[in-house]
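Chain by chain, the residues:
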Amino acid sequence: MKVAVDAMGGDYAPDEIVLGALQAAKEYTEEDLEIVLVGDQAQITQSLDRQGNWKDLKITVHHASEVIDMHESPGAAVRKKKDASVVVATSLVKQGHCDVAICAGSTGAAVAAALLGLGRIKGIERPAIATPMPNLTGTTVLVDSGANVDSKPKHLVQNAIMGAIYAEYVLNIPRPRVGLLNIGEEESKGNEQVFATYPLLNQLNTVNFIGNVEGRDIPKGTVDVVVCDGFVGNIVLKLGEGLASAILQLVKESIKSSGFWTKMASMLVLPALQGLKKKLDYAEYGGAPLLGVNGGFIICHGSSRAKAIKNAIRVAKEFTEQDVVAHIRENIAKEGVVTNE
């Protein structure tokens, strides 16, 4: 298996991207996994050399002379910069040289590169980002978390089919419960988009649709896959990340401002707090797959550091091993989405 990593995308590229790749290469040294770092060869090689001996690891460098910046128009930049690192990484997947690509740069550019470079699975009109979010019992998959901000009901139906596949085959959730994000559980609530989507989801044969769910159901763990458009999903995701960070900071400040005995007692619960921090840390989840494109493509947080990149490579490995793209094709065909909108 070959994983193409855009080494130039993200706030801390290329050093943190390279370090994460090195950590993954060392972790999977016994497996048939090769990591291809895509970007400026001189910068990447210098970064590798700073980390010490790496030439015995299964890491290679593929040169790309351009980078797409965060402020650039995604579609225009992808079309103009043919040798941009994210475009070249996607091309390696398209040409069969690599099995999956990873990008921590501009999400818009990543989605555009994947769409233009890989194309869509037949029956999927718009791809969706499937982001895992921690809950009280495990993980809930949020689909879509930012790829498509203006969705029609048929797009949400496609999101449900794809999200259920990812939850089942990668997260190992048997017959995942799929819910439609709404302002209430009752069928009588919601906007026109939700009203039109509900009966369509109810007719699916490959999806375990449990009805409308509310935002609070995500952390409670009463649903495994939450379906929404990318506008709402991205707000939910960013709110969740910010709230988790704020809670941990408030606990830390509260302990600091407490008396001696409270500080001593806090040492007893420190392992539990560290476990909580780990569960809420997005870096533990690595990256989110872009579902619906004709190939493996993992999107990482723009502020990803080495740990997140290492875990994204794990996600890419699992995504490829479970042949998620093929399963999506199969279920889309079963539901008749290809021929019947």
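The preceding data block contains the structure.
Let me begin by describing the structure that accompanies this report.

## Examining the packing of aromatic side chains
Then step 1. Taken as a whole and judged by the stated rule, the model has two aromatic pairs.
Then step 2. Ring geometry for Tyr166 against Phe319: centres 6.5 Å apart, planes inclined by 40 degrees, an arrangement best described as tilted. Remark: Phe319 occurs in helix H11 (residues 306-321) and Tyr166 occurs in helix H6 (residues 153-169); sequence separation between them is 153 residues. Like Phe319, Tyr166 is buried.
Then step 3. Taken together, a centroid distance of 5.2 Å and an interplanar angle of 75 degrees make the contact between Tyr198 and Phe209 edge-to-face. In this pair, Tyr198 is assigned in helix H7 (residues 192-202) and Phe209 in strand E8 (residues 208-213), connecting sequence segments eleven residues apart. Each member of the pair Tyr198 and Phe209 is classed as buried.

## Points about the pairing of strand E2 (residues 34-39)
Then step 1. The buried fraction of E2 is high, at five of six residues.
Then step 2. Relative to E2, strand E1 (residues 2-6) runs parallel, the two being bridged by five bridges. When the bridges of E2 are listed, Val5 appears paired with Leu37.
Then step 3. Tracing the backbone out of E1, into helix H1 (residues 15-27) and back to the parallel element E2 gives a crossover that is right-handed.
Then step 4. Viewed along the sheet, the connection from E2 through helix H2 (residues 41-50) into strand E3 (residues 59-63) turns out right-handed.

## Topic: the sheet that holds strand E7 (residues 177-181)
Then step 1. If you walk across this open sheet you meet the eleven strands as E3-E2-E1-E4-E11-E10-E5-E6-E9-E7-E8, and the pairing is mixed. The strands lining the two open edges of the sheet, one partner per strand, are E3 and E8. With strand direction ignored, the average angle separating the axes of adjacent strands in the sheet is 25 degrees.
Then step 2. Of the strand pairs in this sheet, E7 and E8 are connected by five bridges, and their pairing is parallel. Pairing of Leu180 across the sheet is with Asn212, part of E8.
Then step 3. Seen against the sheet, H11 touches E1, E2, strand E4 (100-103), strand E10 (287-291) and strand E11 (296-300) and runs at an angle of roughly 155 degrees to E11.

Definitions and cut-offs
Residues numbered from 1 in each chain as written. Predicted model: local features only at pLDDT ≥ 70, side-chain atom pairs only at ≥ 80, totals over all residues. Heavy atoms only, no water. Phe/Tyr/Trp six-rings, centres within 6.5 Å; stacked < 30°, edge-to-face > 60°. Helix = DSSP H or I, 4+ residues; strand = E, 2+ residues; numbered from the N terminus. Buried < 20%, exposed > 50% of the residue type's maximum accessible area, 1.4 Å probe, protein only. Pairing = 2+ DSSP bridges. Right-handed = clockwise from strand over helix to strand, strands pointing away. Axes fitted to C-alpha atoms, helices over the stretch in contact; angles between N-to-C directions. Contact = heavy atoms within 4.5 Å.

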